[in-house]
Structure formats: C-alpha cells, structure tokens
Amino acid sequence: MPNPTDPQKILVTGATGTVGRQVVAELADRGHTVRALTRDPVKARAALPEGVEVVQGDLTDPPSLVPALDGVTGLHLITFDGPYMAPLETGARIVELARTAGVRRVTVLHGGGPTPLQDAVEASDLAWTVLMPVEFMANALEWAGAIRAEDAVGEPFTERLSAMVHEADIGAVGAVALTEDGHGGQSYVITGPEVLSLQDKVDALADARGRAIRLVGLTPDEAVAKWRAGGLPQDVIDFLIEVYGNTPPEGRTVTGTVRTVTGRLARTFARWAAEHAAAFRV
C-alpha cells in the first residue's frame, strides 16, 4: 500500500474545466504524477502545467480509458459530458475498468443531483469521495463584460447569500482525497470562509480593480429575458431562478471542510478578486 507522502499517479478527467485544472495543479504541486484525460490533447497541453501527461480518451467510450488507467492509483471523475452537460450513462463500466486497473481512490465532482455515474461509484468498493462545492467564485467572471462596458452588474434576488468557494480550494480537497487515506465514503460540502451578499461581491471586485461598480436589481422576468437573449437554455434558466430565489441552506452556510481536509484556511473572495482583477478592467 503506497504511503500518502509518496508520489502517486492520478488520472484526472475534465482536466481543463474550472475544477479539473485545479485538481491537476494541486496534485502537481504536491509532487504527484498527473495524467489528464481529454478528447483534444493538443488543446489541453496548452492549458495545463508543464509536466502533466496528457492522454486521449472519452468517458462516453469506456474502452478508450484502458490505456489511461494503466498504473494509476487515483481517479477524479466528472458526471456529465459534452456541451449540453448530459449525464454520463457509462458509470458502471468505468468503475469496472478502474477496479481492474487497480485504482484505489476515486473523487466525483457532484453534478447537482443524483447521476448514474455517481450512483455507480458510491455502490462500488472503491474508496470514493464526493466533492460537493457550492457556488464557484469563478462564476463572477460572467459579469466581466458588463462591468468593463458599463461599470455595473444586473442581477435578480439581490439579497441572496452565498458561501461561494474558490475553485483552487475544491482542487485542494480533491487532491488530498485522491492521495491520502481517511476520506473514503465521504461527501464533502465545500465552501468559502464567509457568507457574502451580491453587494459584498460587487464591492470586492470594485476594490480589486480600483473602480466603482453599481449593482442593479432585476426582476425575475427581466433576468429571464436577459439570460434567454444570452443563449442560455430553458432548463438552465429555470435552475438559476430556483437556486437564486431560494438558495438552499448548504449554499449559504460556511463549512470547515477546506481547513479540516487540507489543513489550510479557505481562500476569500477578496483574494479571488485580486487574482482576477484584470478581467474586470477596461
């Protein structure tokens, strides 16, 4: 059995996504060998740290994973596939291949509800951990265009609260669960260190970029019209109205998961804003 301090080989799917690239970065920083699964290796190499092994494969085609799984001890999985985020139906076969390859630990990025892949992983005898982050701080990048053009953010339900989490902290929790014992059978709700209102977020972005930003309240109908004009599908619009208008307690309650699992304090939104200030400047 490998010592958790020894370098291990981990396969990361969704490796160029918001969370996946953070799992990759954290594992690499910890000295582990990282193998990134992608349909487009050329494009992925440009987006990932030097030294990461990029391999071609497709979660909808389980046999394509066999070479990628060779020699890995840990596997990070996403539950959806493609531009329309269709739930993967290949979970049982992926789990079978992982067990055959000798994978010991699996992390699953929760997809917001039950999915066939997550169900298959949880029914297995692998040491699985479900990562359940609340709102990503990176979602604020959706405001960048309007802030650059109008110094304003237009949103509905302006009193809503969020314990939003830095995507790097999600990656850090995942990296620990993939390389250390004691996290099998756990579902971790991952949050930032504070509960923020929309005004708090806007103020942090304004401080980081050095220029004021107005928060403009929209009615739900105005928000729906805006999102529809921006090309969002109706199911996504319905989800946004529900989660923004009635944020569940998990989304607005701080947990200590990041510190408990990683030994480090969760990153603040002010820090995230400072790291991404350039995206909000003209």
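Report on the accompanying structure. Computed from a prediction, not measured in an experiment: that's the story for all the values here. (Residues numbered from 1 in each chain as written. Predicted model: local features only at pLDDT ≥ 70, side-chain atom pairs only at ≥ 80, totals over all residues. Heavy atoms only, no water.)

## Here's the deal with the overall build of the protein
- A count of helical and extended segments in the protein gives twelve helices and 13 strands.
- For the protein, the C-alpha radius of gyration of 19 Å lies close to 19 Å, the compact-globule estimate for 282 residues.
- Per-residue burial over the protein gives 48% buried out of 282 residues.
- For the protein, the exposed area adds up to about 13300 Å²; of that, 52% sits on carbon and sulfur atoms.
- Put simply, the protein has 25 plus and 36 minus side-chain charges, and the middle of one group is 5 Å from the middle of the other. (Helix = DSSP H or I, 4+ residues; strand = E, 2+ residues; numbered from the N terminus. Rg over C-alpha atoms; globule rule 2.2 N^0.38 Å. Buried < 20%, exposed > 50% of the residue type's maximum accessible area, 1.4 Å probe, protein only. Areas by Shrake-Rupley, 256 points an atom, 1.4 Å probe, with all protein chains shown as cover. Lys, Arg positive; Asp, Glu negative; His and termini not counted. Charge placed at Lys NZ, Arg CZ, Asp CG, Glu CD.)

## Concerning helix α8 (residues 198-209)
- With twelve residues, α8 should cover 16 Å at 1.5 Å per step; its first-to-last C-alpha distance of 17 Å lies within 8% of that length.
- Those residues of α8 that sit buried are L198, K201, V202, A204, L205, A206, A208 and R209.
- Looking at the packing, one finds that the buried side of α8 touches α6 (144-150), β9 (152-156), β10 (161-162), β12 (196-197), β13 (214-218) and α12 (269-275).
- Looking one or two residues beyond α8, the residue adopting positive phi is G210, at roughly 80°. (Expected span 1.5 Å × (residues − 1). Contact = heavy atoms within 4.5 Å.)

## Here we look at unusual backbone geometry
- Of note in this structure, D151 is not a glycine but carries a positive phi near 55°.
- Here D151 is to be found in the loop between α6 and β9.
- With relative accessibility at 18%, the residue D151 sits in the buried group.
- Positive phi, normally seen in glycine, also occurs at F157, with a value near 50°.
- With respect to the secondary-structure elements, F157 resides in the loop between β9 and β10.
- We classify F157 as partly exposed; its relative accessible area is 29%.

## Here we look at the packing of helix α1 (residues 20-29) against helix α7 (residues 167-179)
- At a minimum axis separation of 7 Å, α1 and α7 run at an interaxial angle of 60°. In terms of axis orientation, α1 runs oblique to α7. Handedness of the α1/α7 crossing: right-handed. Contact residues: Q22, V23, E26 and L27 in α1; E167, A168, G171, A172, A175, L178 and T179 in α7.
- Partitioning the contact of α1 with α7 into residue classes produces six nonpolar, three polar and two charged. (Axes fitted to C-alpha atoms, helices over the stretch in contact; angles between N-to-C directions. Parallel < 35°, antiparallel > 145°, perpendicular 65-115°, else oblique. Left-handed = near helix turned anticlockwise from the far one by under 90°. Nonpolar A, V, L, I, M, F, W, Y, C, P; charged D, E, K, R; others polar.)

## Regarding the sheet that holds strand β1 (residues 9-12)
- The seven strands lie next to each other as β3-β2-β1-β4-β7-β8-β11, forming an open sheet whose pairing is parallel. Each of the sheet's edge strands pairs with one partner strand only, and the pair in question is β3 (53-56) and β11 (186-190). Between one strand and the next, the sheet's axes are offset by a mean angle of 20°, whatever the strand orientation.
- Where strand β2 (residues 33-38) lies against β3, four bridges are found, and the strand directions are parallel. By the bridge assignment, A36 is partnered in β3 with V54.
- Sitting on the sheet, α1 is in contact with β1, β2 and β4 (74-78), with an inclination near 170° to β1.
- The strands touched by α7 are β1, β4, β7 (105-109), β8 (127-133) and β11; relative to β7, the strand with the most contacts, the crossing angle is about 155°. (Pairing = 2+ DSSP bridges.)

## Re the packing of aromatic side chains
- Taken as a whole and judged by the stated rule, the model has three aromatic pairs.
- Members of the aromatic cluster, joined through ring pairs, are F269, W272 and F280.
- Against the face of Y244 rests R160, its NZ or CZ located 3.6 Å from the ring centre. (Phe/Tyr/Trp six-rings, centres within 6.5 Å; stacked < 30°, edge-to-face > 60°. Lys NZ or Arg CZ within 6 Å of the ring centre and 35° of its normal.)

## Some words on the pattern of salt bridges
- Within this structure, the stated rule accounts for 16 salt bridges.
- We note a salt bridge from E26 to R264, for which the minimum N-O separation is 3.3 Å. Remark: R264 occurs in the loop between α11 (257-262) and α12 and E26 occurs in helix α1; sequence separation between them is 238 residues.
- A relative accessible area of 10% means that E26 is categorised as buried.
- According to the relative accessible area criterion, R264 is partly exposed, its value standing at 35%.
- Across the pair E135 and K201 runs a salt bridge whose closest N-O atoms are separated by 3.1 Å. Pair noted here: E135 is in the loop between β8 and α6 and K201 is in helix α8, with a separation of 66 residues, a long-range link. (Salt bridge = Lys/Arg side-chain N within 4 Å of Asp/Glu carboxyl O.)

## Section: the side chain of T90
- The topology assignment puts T90 in the loop between β6 (86-87) and α4 (91-101).
- Every residue in contact with T90, bar those within four places of it in the chain, is listed here: L59, T60 and P62.

## Some points on a nonpolar patch on the surface
- A cluster of nonpolar residues, L161, V195 and V254, forms a patch on the protein surface that exposes about 200 Å² of accessible area.
- Looking at where L161 falls in the secondary structure, it is placed in strand β10. (Patch = residues over 30% accessible without salt bridge, like charges linked within 9 Å, V, L, I, M, F, W, Y side chains within 5 Å.)

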